[in-house]
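Letter by letter, the chains look like this.
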Amino acid sequence: MATIDERAMLPDGLPEKPYRPPVLAPGYTPGTVTDKISSVVLAKTPRWWYVAFGLSFCVMMLFLASVTWLFAKGVGIWGVNQPVGWGFAIVNFVWWIGIGHAGTLISAILLLLRQEWRTSINRFAEAMTLFAVACAGMFPVLHLGRPWLAYWLFPYPNTMGLWPQFRSPLIWDVFAVSTYATVSLLFWYVGLIPDLATLRDRAKNRVSQIFYGFFSMGWRGSASHWHNYEAAYLLLAGLATPLVVSVHTVVSFDFAIGIVPGWHSTIFPPYFVAGAIYDGFAMVLTLTIPLRAAFGLQDFITTRHLQNMAKVMLATGLIVVYGYGIEIFFSAYSANRYEQFMILNRITGPYHLHWILLIVCNAIVPQLLWFRKVRTNPVPLWIVCMFVNVGMWLERFVIVITSLHRDFLPSSWGMYRGTIFDWGTFIGTIGLFLTLLFLFIRFLPMISIAEMRALTPGSRGEGMETPE
Amino acid sequence: MSIHIEERPILYGLMAEFDTPEDLIRAVERVRATGFRQVEAYTPYPIEEVSHALGLHHSWMSLLVLIGGILGGTGGYLLQYWVNLYAYPMNVGGRPMHSWPAFIVPTFECTILMAALFAVFGMFALNGLPQPYHPVFNVPRFAEASRAHFFLVIKAADPRFDRQATEKLLSDLNPSEVAEVEV
Amino acid sequence: MNESDDQKPGPPTEATDAIGRMGQSTPIDLEAVQEKLRAEPGPAMWRSLDELAGTPDFQEWLHREFPRQASEWVEPADDGVSRRAFLQLAGGSLGLAGLTACTKQPLERIVPYVRQPEEIVPGKPLYFASTHVHGGYGYGVLATSHTGRPTKIEGNPDHPASLGATDVFAQASVLDLYDPNRSQAIVNLGRIRTWGAFVNEASPLLKAQQALGGEGVRILTGTVTSPTFADQMKTILAQYPKARWHRWEPAAAHDEYRAAVAALGGPHDRIYDLTQAKVILSLGSDFLTQGPGSLRYSRDFSRGRQVRAKRPVMNRLYAVESMPTNTGTLADHRLPLPPDEVAGFALALAAALGVASGAPAAPLSPRAQQLVAAVAKDLQANPGASLVVADGYAPQAVQVLALAMNEKLGNVGKTVRYIRPVEADPVDHLRSIQELVIDLNAGKVEALFVLGGNPVYTAPADLGFAAAYQKARLRVHHGLYQDETAQLSQWHIPEAHPLETWSDARAFDGTASLVQPLIEPLYESKSAHELLGLFANQIDASAYDIVHAYWQKNLHAAGAAGGDPEAAFRKALHDGLIPGTAEPAVTAAVNGGAVAQAAASISGAKPDPQAITLLFRPDPTVYDGRYAGNPWLQELPNPMTKLVWDNALVVGPALARRLKVQIEDVVEVSIRGRKVKAAVWVQPGHADRSATLHLGYGRWSAGPVGNGRGVNAYALRTTDALWAVAGIGLKRTGDTFNLASTQNHHLLESGTDEMPTAEKEVMARRPVRTGTLPDFLKDPNLVHEKPGLPKTPETTGAEDLTLYPRYEYKGYAWGMAIDLNVCTGCSACVVACQAENNIPTVGKEQVLKQRAMHWLRIDRYFEGDPDDPQVHHQPVPCMQCENAPCELVCPVAATVHSAEGLNDMVYNRCVGTRYCSNNCPYKVRRFNFLRYSNHDVPVLKLRENPDVTVRMRGVMEKCTYCVQRINRAKIDTEVAGRTVVPGDVQTACAQACPTEAIVFGDNNNPAWESTKRKADPLNYALLEELNTRPRTTYLAKLRNPNPDLLGATPEGKRI
């Protein structure tokens, strides 16, 4: 126990409390940990899973329908117009990408910071990252006027002798997002290998033995394996750390590089990254709180985890609020007529309701997280997280639409309204996300077994520490 | 002697199973002290002392990743340079052909991507993965290696290996069980 | 649509038709047949005597057997021997032959070239001089023909009424030619019949009438200036002395005619010479964009208003009007007054000038009185160099006073001259149609021929024309469309489009010019001349024969090139006008009695201070409704309201406030029991106590494009109040109706009173920079933030902020300069751009979604008090920025810069991220959100300009400075071994512009006008602080206020 307490410094370095709930309930041995977690996968499928999966699948069909009509008719079925050339698609893209960030942050940055408490949530968070990026990745393609030509954005030798235009932030996006997706996938998979081996060895029926056997690639857990494995995993973490910062920075360039008032701002990169982490943690909590109840994993995902994540949310949330403030200050200080009008229009213009709602969701409600009661109590915590999820979507809506709808020449001002197809596509991706998520929790261990074993008392495991 | 010569081909080595990491670590140290070098330990989770005991210190991973990163970075930048100055120079928004600040982002991403790919596939290569078959899988108890138990294998290929002597040595390390590993 | 008519074999032998007529006495007249055969050049093939004789029976049979081929047989024989005709025809076929590749193969055999005719080079257009006729009056145009397909109309620089400029109607007329909704066959009670069948029915009746002196024959036309037509009518009326020729031109300036008769003793036309006019007063007149002389007037007016540092002089324009007009927007002092007060103003001014006595019944506002004094002083200070222009739609009294004032000011013979009427046999149209209705109701009318026009729709409501019309025993309608009148006629004869047939017309100053066809008629159709041939027993005569014959006789009279009349005719065709046909000035004196009477009628009229006056005006885009079927004009924003696809009850803010109505509220307009429901549009600058309703909407037989758009103003328009009716009732219905406007519609839509926000920003951002002439003289750089050098991108501080070296553009550097001082907002450039660049129309729904496609838009800004604002028009094409923000963000390099500084758009590389549009500060990029261009109607493909790609769905498009024209000029000049110099190339917008507001050129060559303008201190770039370095720049708008009114009036401060 002592060792654990000593290790369990909180990320925000708050003074030690007399009692600190452990990252793993007492009384667990590597064997019991293994049995408990792998049973979730190997045991018979619970009935509620079918229900949940079925529902998500239906919602995903909504996505399929919307996209089919989109390809048949063109982006005109959406609300986009002159001057608002970007609508829901880009809002959703930024939102989903943002959600992804928590996963990478937990698995990479907290690993480097030696935060054991990450162990029981990183697998799940990484999976969430992957699925969020999958959803996000589709929107830039869908919103194209001619989506069937999306591959022109990749640099490949072709008969036209034409290459992408590397000065465009959209090309930067292509590089950033595809790199992000690849690295996240590898990171996640590498983390999975030992657990896949475990499942291979414990699976009863042939099909799953072959399935897990194939993907565990003959992992034996030999000391030399572990030796290289840990080095690789740590290096990946090191690589993923700048990546998690860079991805949303690049996404923010899509706006910051543009000259549209409300986009063209130097505060965007940090402010977008903070927002992403904020939203990401909110989403992790939104998902883990019900799941840990469903699978009775309270021993592994303890209130300590909820607390720490809530604290991260609080911290990043405050950075975001600072971003809002600085935006207003900049516009006033810039003495730039367009900037000043943009802020004024954001707050008092036709979309002022969106802005107010955004402030309520992102700036006011999360202040509840100052209270330990809220942080430690799943239900209120979950509600706060929902507010943040909505608020962060609104933030992107406000940035994209209110900046575009009234830019330089009053003659070309306009209004934007999402159509049912906009909504269909958006809600549809949520269905896709949940569908993938339910498949994941059903067929793969949602908590890293190998890493949990190392946390068991007396395991002498060093967690994920570096060999010196 | 000739008997051993006959046995060797069908025997991969001897495997001892331990219940606690401490036993394993002690065992490894003893075996190494005896002079065995063809030794491998199997644990359900990484244990530093074990690798130390086995004398595993240096890893090539960092170098691999560095190489990958350099390749990715220079490759990414050179592609952009070549495209904009030689392959298809175009006046884009009055910007110079060599708009280096704009080229930084793809360069960075290429660096990370290649480094990551080298890290993962380098690790596979160094660990000889994927490897669907390995003799240790022939031991039924070995399934415990991916759960909670700890295993030590002395390979028959080790010059000091002797069927009986080695088995005796292992049994003295209070294993829960000692088994033959067939090829 | 009927493909068979697209591909026509050669012109049928004259024999078939000619004998067709003779053979009507069914026994075949063999002598005649043989005689015709002898007359036939070359062998004529024929299947049977019947066929050769073309008896009606045979033609009926033919219709039964081969309905599709039938048309070939009853085709009007064209000038079979003319090489040009053959080339046009063959060329047309070739063009179509090419097209068949992209559509399904037609069933008909097309005519291939036997030998490649030397004139037609595919890809190289030919230009033919012709005449565009609008409201009876014509002006010279040059029609572009691509391998036989007319694709574009330009003005004829040699023609005095055009000087190379065009209006929206001429630009859009080329679309009518290919309109799939045009009537395509002779229809008798809903059945398709043949010309022969019609002749069969008509001839006996006419024969019978001839015996009676034609007392039962009536012919109804619009305004006619065509000398040939007039000549034909003369002979007909000689043959049928008792027949009557009625006229009804719904949007003609009827009171102009009356005023002239009353005051000048004859229906003289007035011609203004605005080059001479230093001070101009417009009493509600929109002489710059309305009326037959508007193009010429625009040019002359603009010449007196293009201020430069080197030439800092400009004329002064006062406008006193109710509905804001394009002319009014250029006024240096504009005073919005209700119609009755405009009359009062005229009287007060006349009194001040001492041409009339008496004062308006209702005393004028102090401001109006002040203006009267100032204007009077100003006018008197410029005797012979001033001009008072009264609206042709204004009450007779006002126009009489205007005549008198001009005379008093010694302007007659200088800025205004009288000529004999250009209209053939001028009559009072209103009385003319009234008489017709009386005869109809009296059952006196045996046969009524409606040639052009649509009286059932346009006749004054109280005449009950529709009912009366059906009392005529034989009703024949001749028109381009099966319109409302056609529905009530037994016979509908399709009219040949001016680009398909021969005719002639006269311009506002009398200059006559010829209409010549560029293509064989697409559909079975007749020209008016051919129809009149029916009366003169020349059923077989083609339009060419008739027009040609007439001018053979009259060219000498017209004093054209002596000697060979054929040569003179060819020359007239080539030049596009007939020299010496302009009307000489005649002298006439205003008779005092009429003036006194006019004065009395104004001072006598006691206006009810509460009464609201409703004005009827022709619509700036669909005119009197005849263009309602033309999508280009339907989607062309009204220059003032920016409304498309509908008309609305236009009211001023003051009236809207009092009635508590908002934009899009539906109100019930009632006049003496007549009611219509109309949506309200609040128009800043519209006078209080008055409302305007544009004609031409609410049609019910205008095809899919025109049907049910807007409200029918004719339903309220009665004989005693054609242009203005006082004391209307307005009742809120509580409903609302979506009006599509291309500018700021959404602002008003969003309920909250947003307009001020926008206006505040406009004032602050100053997209249109303004000043006054005196201030400009003091400080030439007054329109630039920094005093000192003109603020061109080179000299802005912004220039230094960039890290990057600047591109040097050697060789050509295309640029554009737009003089806001002379832009009237007439929108000819917008339609010209649409025609030149194959820009699709998107329909009302898409416009409501803010997806209009016009590459060139005209921004309209208001400045100052909503009740009396200054209005600015600003044409906004692509700025072709040298530091283009759009290019930087395109991920696939679909938009990049050319070596000549053009911001090129590569359609087939575009993937449609729309990032470029977001990043364009001018929002001049247009996106194909859906599939807007029409690939389904084959005939519409004929119209497309082959030099411009037709864009597909999901592709961004934008103004290219008509790069196809630039490249042609470059190729042609390179072939000639020289470089492109002024006159070699013009963008479509610049070419159409009547006021030379838009000019295009090479910034590296000082010879171009655009380059000269860019050197002027008035030159500024839109949003130049962004350092986009636009190639399109503007010359600031200057006003030339009357010193006496400066400061004293609210206007004075509004600068």
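For the structure, check the block above.
Residues numbered from 1 in each chain as written. Chains lettered and ligands numbered in written order. Predicted model: local features only at pLDDT ≥ 70, side-chain atom pairs only at ≥ 80, totals over all residues. Heavy atoms only, no water.

S.K.: How would you summarise the interface of chain C and chain A if you had to cite specific residues and measurements?
M.R.: Each side of the interface is counted separately: chain C has 56 residues, and chain A has 59 residues. Here chain C and chain A share an interface that buries about 4800 Å² over both sides, 56% of which is from carbon and sulfur atoms. A per-residue breakdown of the area chain C buries against chain A is headed by C:Arg765, C:Arg909 and C:Arg953, which together make up 15% of the total. Across the chain C-chain A interface, the total number found is 1 salt bridge. One salt bridge connects C:Lys923 with A:Asp407, and the closest N-O pair in it is separated by 2.8 Å. If you look at where chain C meets chain A, you find 36 residue pairs in polar contact (both at pLDDT 80 or more). At the level of elements, α27 (745–749), α28 (755–765), β31 (857–863), α32 (885–889), α33 (915–918) and β35 (926–927) of chain C are the ones that each hand at least two residues to the side of chain C that touches chain A. (Contact = heavy atoms within 4.5 Å. Buried area = accessible area lost by both parts, 1.4 Å probe. Salt bridge = Lys/Arg side-chain N within 4 Å of Asp/Glu carboxyl O. Polar contact = N/O pair within 3.5 Å; in protein donor to acceptor, adjacent residues only side chain to side chain. Helix = DSSP H or I, 4+ residues; strand = E, 2+ residues; numbered from the N terminus.)

S.K.: Explain the environment of C:Asn1040 to me, and be specific about the residues and the numbers.
M.R.: Residue and element names in this part refer to chain C. Relative to the elements of secondary structure, Asn1040 occurs in the loop between β40 (1037–1039) and α38 (1050–1053). Its relative accessible area of 8% is what places Asn1040 among the buried residues. In this structure, the C-alpha to C-alpha distance between Asn1040 and Glu974, residues 66 residues apart in sequence, is 45 Å. When residues no more than four places from it in sequence are discounted, the contact partners of Asn1040 are Met314, Asn315, Arg316, Asp332 and Leu773. Of note is the side chain of Asn1040, whose polar atom sits 3.4 Å from the backbone oxygen of Asn315. (Buried < 20%, exposed > 50% of the residue type's maximum accessible area, 1.4 Å probe, protein only.)

S.K.: Lay out the interface of chain B and chain C with the relevant residues and their values.
M.R.: Every contact between the two is made by 10 residues of chain B and, on the other side, 12 residues of chain C. Between chain B and chain C, the buried area comes to about 1000 Å², and carbon and sulfur atoms account for 61% of it. Our count for the contact surface shared by chain B and chain C stands at 0 salt bridges. The interface formed by chain B and chain C holds 4 residue pairs in polar contact (both at pLDDT 80 or more) in total. Within the side of chain B that touches chain C, the residues separate by chemical class into 5 nonpolar, 4 polar and 1 charged. (Nonpolar A, V, L, I, M, F, W, Y, C, P; charged D, E, K, R; others polar.)

S.K.: With reference to specific residues and values, describe the pattern of salt bridges.
M.R.: Residue and element names in this part refer to chain C. Counted by the stated rule, this structure contains 64 salt bridges over all chains. Among the salt bridges present, the one from Glu154 reaches Lys152, with a minimum N-O distance of 2.9 Å. Side by side, Glu154 and Lys152 carry an identical accessibility label, which is buried. Linking Glu957 and Arg951 is a salt bridge whose minimum nitrogen-to-oxygen distance equals 2.9 Å. Glu957 gets classed as buried once you look at its relative accessible area, which sits at 0%. A residue is classified by how much of its surface remains accessible, and Arg951, at 3% relative accessible area, is buried.

S.K.: Account for the sheet that holds strand β1 (residues 126–134) of chain C, naming residues and giving values.
M.R.: Residue and element names in this part refer to chain C. The strand order across the open sheet formed by 3 strands is β1-β2-β3, and the pairing between neighbours is antiparallel. Only two strands of the sheet have a single neighbouring strand rather than two, namely β1 and β3 (149–155). Within this sheet the neighbouring strands show an average axis-to-axis angle of 40°, counted without direction. As defined by bridge partners, β1 adjoins strand β2 (residues 137–146) across 9 bridges and the pair is classed as antiparallel. If you follow Phe128 over to β2, its bridge partner there is Ala143. (Pairing = 2+ DSSP bridges. Axes fitted to C-alpha atoms, helices over the stretch in contact; angles between N-to-C directions.)

S.K.: Tell me about unusual backbone geometry, and please be specific about residues and values.
M.R.: Trans is the common state for peptide bonds, and a negative phi is the common state for residues other than glycine. Residue A:Pro83 is bonded to the preceding A:Gln82 through a cis peptide linkage, with omega at 5°. For A:Pro83, the location among the structural elements is in the loop between α3 (47–73) and α4 (88–112). Omega for the bond connecting B:Leu129 with B:Pro130 falls within 30 degrees of zero, at -5°, which places this linkage in the cis form. Topologically, B:Pro130 is positioned in the loop between α5 (100–126) and β3 (150–155). The phi torsion at A:Met217 lies on the positive side, around 60°, for a residue other than glycine. You can see A:Met217 is positioned in the loop between α7 (206–216) and α8 (223–256).

S.K.: Explain the nonpolar core to me, and be specific about the residues and the numbers.
M.R.: Membership of the largest hydrophobic core comes to 364 residues, with the highest contact counts inside it found for C:Phe465, C:Leu614 and C:Trp814. Per-element accounting of this core gives the leading share, 19 residues, to helix α6 (residues 169–202) of chain A. The next biggest cluster of nonpolar side chains, apart from the first, holds 51 residues, and it includes C:Leu337, C:Ala350, C:Ala374 and C:Leu409. (Core = buried A, V, L, I, M, F, W, Y, C linked by side-chain atoms within 4.5 Å.)

S.K.: Explain a nonpolar patch on the surface residue by residue, including any values.
M.R.: Residues and elements named next belong to chain B. Residues Trp60, Leu63, Leu66, Ile67, Ile70, Leu71 and Leu126 make up a contiguous nonpolar surface patch of about 680 Å² in total accessible area. In terms of residues, the nonpolar patch owes the most to one element, helix α4 (residues 61–87), which gives 5 residues. Its place among the elements puts Ile70 in helix α4. (Patch = residues over 30% accessible without salt bridge, like charges linked within 9 Å, V, L, I, M, F, W, Y side chains within 5 Å. Areas by Shrake-Rupley, 256 points an atom, 1.4 Å probe, with all protein chains shown as cover.)

S.K.: Let's hear about the packing of aromatic side chains: which residues, and what values?
M.R.: Two aromatic rings, taken as a pair, are described by how far apart their centres are and by the angle between their planes. According to the stated counting rule, one finds 77 aromatic pairs over all chains in the structure shown. Relative to A:Phe440, the ring of A:Phe124 lies with its centre 6.5 Å away and its plane at 45°, an arrangement referred to as tilted. In this pair, A:Phe124 sits in helix α5 (residues 119–142) while A:Phe440 sits in helix α15 (residues 420–443), placing the two residues 316 residues apart along the sequence. The same class applies to A:Phe124 as to A:Phe440, namely buried. Measuring from ring centre to ring centre gives 5.3 Å for C:Tyr961 and C:Phe1000, while their planes differ by 70°; the resulting arrangement is edge-to-face. (Phe/Tyr/Trp six-rings, centres within 6.5 Å; stacked < 30°, edge-to-face > 60°.)

In short, geometric facts, not functional conclusions.
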